Amino acid sequence: MPSVKIPKKSTWTDMTPFVDVAFLILSFFIMATKFKPPQPVEISTPKSVASDKLKEQDAIMIEMDKTGRVFFTANTQKINEESNGIKMTIIKNVNTVRNLGLSQTEMNNFVKNTTIGVPFSKMKSFLAAEDAVRIKAFEGIPVTDSANNELQIWIAAAQSAFAGGKLNYLIKGDNDAKYPSFKGVIEAFRRNDIFKYQLVTDPEGAPVGTDLYETRQSGGKKTSN
């Protein structure tokens with residue numbers, strides 16, 4: 001009996017749908033990714049062997065450079081629309097309390113880039129300027145004068161905007177930061193009844209022989225002798 005020959009079929013596969021899917025996924029990640037904005041100033045933080053990584057979402061970051069300038073930044077992990085709403089509430093609160101007379105465009109500029117580093121007297125011109133000009137205008141938020149500690153108003157505005165949610169308080173100071181500025185920052189928190197905050201440091205390896213070193217060597221499980 002003659003054998004039956006099975007006809008051979010082509011193994012060619014149309015890859016067009018796969019390419020379309022790949023570009024759709026790539027487009028999604030490009031549009032959904034939120035890049036970290038450039039730092040307004042270079043800050044060299046002190047070294048630390050702390051094992052915990054601080055969360056910068058839903059937080060206010062107070063930064064101090066080596067010359068003593070103080071900066072305020074509000075971060076949120078909410079989706080864009082809700083995040084912008086929180087930031088807009090912050091600047092509206094400040095605008096009302098200090099009667100700054102900010103326009104809607106100027107407040108929108110705050111929402112786009114929430115790092116502030118100027119006194120209230122220069123806020124309007126600061127928010128009206130272009131990004132490149134704005135960075136060069138940083139002179140720091142006044143905190144050393146106890147009668148005019150403007151940082152406390154920014155902190156109070158953030159507290160009000162984040163009402164009902166957990167808000168983290170982070171202090172990032174340069175290793176050579178001036179003490180009067182640090183004292184002014186702590187005073188601003190105290191005036192808002194905030195006594196718990198976290199310091200941002202530069203992590204380094206734990207000294208050999210310490211408990212933290214042994215824990216890291218064992219993959220997170222502390223070994224016993």
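Computed from a prediction, not measured in an experiment: that's the story for all the values here. Numbers given to residues run from 1 along each chain, matching the order in which its sequence is written. In keeping with the predicted nature of the model, local features appear solely for residues at pLDDT of at least 70, side-chain atom pairs appear and are counted solely at 80 or more, and the whole-chain, interface and lining totals rest on all residues. In computing side-chain values, all of the structure's heavy atoms are included and hydrogens and water are not.

(A) Representation of the sheet that holds strand β2 (residues 59–64). Here we have 4 strands laid out as an open sheet, ordered β3-β2-β4-β5, and mixed in their pairing. At either end of the open sheet lies a strand with only one pairing partner, and these are β3 (70–75) and β5 (198–199). Two strands pair under a simple rule: DSSP has to find at least two bridges between them. Helix and strand labels come from DSSP, where a helix needs a run of H or I of at least four residues and a strand needs a run of E of at least two; each type is numbered from the N terminus. Two elements, strand β4 (residues 168–173) and β5, share 2 bridges in a ladder whose sense is parallel. Looking across to β5, one finds that L170 is bridged to Q198.

(B) The arrangement of the confidence of the model for the protein in detail. Of the residues in the protein, 68% have a pLDDT of 70 or more, and the chain-wide mean is 78. Per-residue confidence from the predictor is reported as pLDDT, a score between 0 and 100. When mean pLDDT is compared element by element in the protein, helix α6 (residues 151–161) scores highest at 94, while strand β1 (residues 47–48) scores lowest at 54.

(C) Geometry of the nonpolar core. Think of a nonpolar core as a cluster: buried Ala, Val, Leu, Ile, Met, Phe, Trp, Tyr and Cys residues, connected wherever their side-chain atoms sit within 4.5 Å. Remark: exposure states derive from per-residue accessible area (1.4 Å probe, protein chains only) relative to the maximum for the residue type, with buried under 20%, exposed over 50%, and partly exposed in between. F72, I90, M123, L151, W154 and F189 are the most contacted members of the largest nonpolar core, which totals 41 residues. Among the elements of the structure, β2, β3, α2 (80–98), α3 (104–112), α4 (123–128), α6, β4 and α7 (179–191) are those that each provide at least two residues to this core. Working rule for contacts: check all heavy atoms of both residues, and any pair within 4.5 Å makes them a contact. Setting aside its immediate chain neighbours within four residues, F72 contacts I60, M61, I62, T114, T115, I116, I141, L151, W154, I155 and A158.

(D) Local environment of the pattern of salt bridges. For salt bridges, the criterion is a side-chain nitrogen of Lys or Arg within 4 Å of an Asp or Glu carboxyl oxygen. Tallying each qualifying case throughout the model produces 5 salt bridges. Between E187 and R191 there is a salt bridge; the shortest N-O distance is 3.0 Å. Pair noted here: E187 and R191 are both in helix α7, with a separation of 4 residues, about one helical turn. The exposure class assigned to E187 is partly exposed, which follows from its relative accessible area of 22%. Its relative accessible area of 31% is what places R191 among the partly exposed residues. What emerges from the salt-bridge pattern is a single network uniting E187, R190 and R191.

(E) Molecular detail of the packing of aromatic side chains. By convention, a stacked pair of Phe, Tyr or Trp rings (six-membered ring in the case of Trp) has centres within 6.5 Å and planes under 30 degrees apart, an edge-to-face pair has planes over 60 apart, and any other such pair is tilted. With the rule as written, the count across this model stands at 7 aromatic pairs. Ring centres of F189 and Y197 lie 5.2 Å apart, and the angle between their planes is 25°; on these two criteria the pair is classed as stacked. Of the residues examined, F189 reaches a relative accessible area of 0% and is grouped as buried. Here Y197 falls in the partly exposed class, since its relative accessible area comes to 29%. Through a chain of ring-to-ring contacts, three or more aromatic side chains come together here, namely F72, F110, F120 and W154.

(F) Fine view of the environment of N192. Inspection of the secondary structure assignment puts N192 in the loop between α7 and β5. Separated by 40 residues in the primary sequence, N192 and Q152 place their C-alpha atoms 6.8 Å from one another. Leave out the neighbours within four places in its chain, and N192 touches Q152, I155, A156 and Q159.

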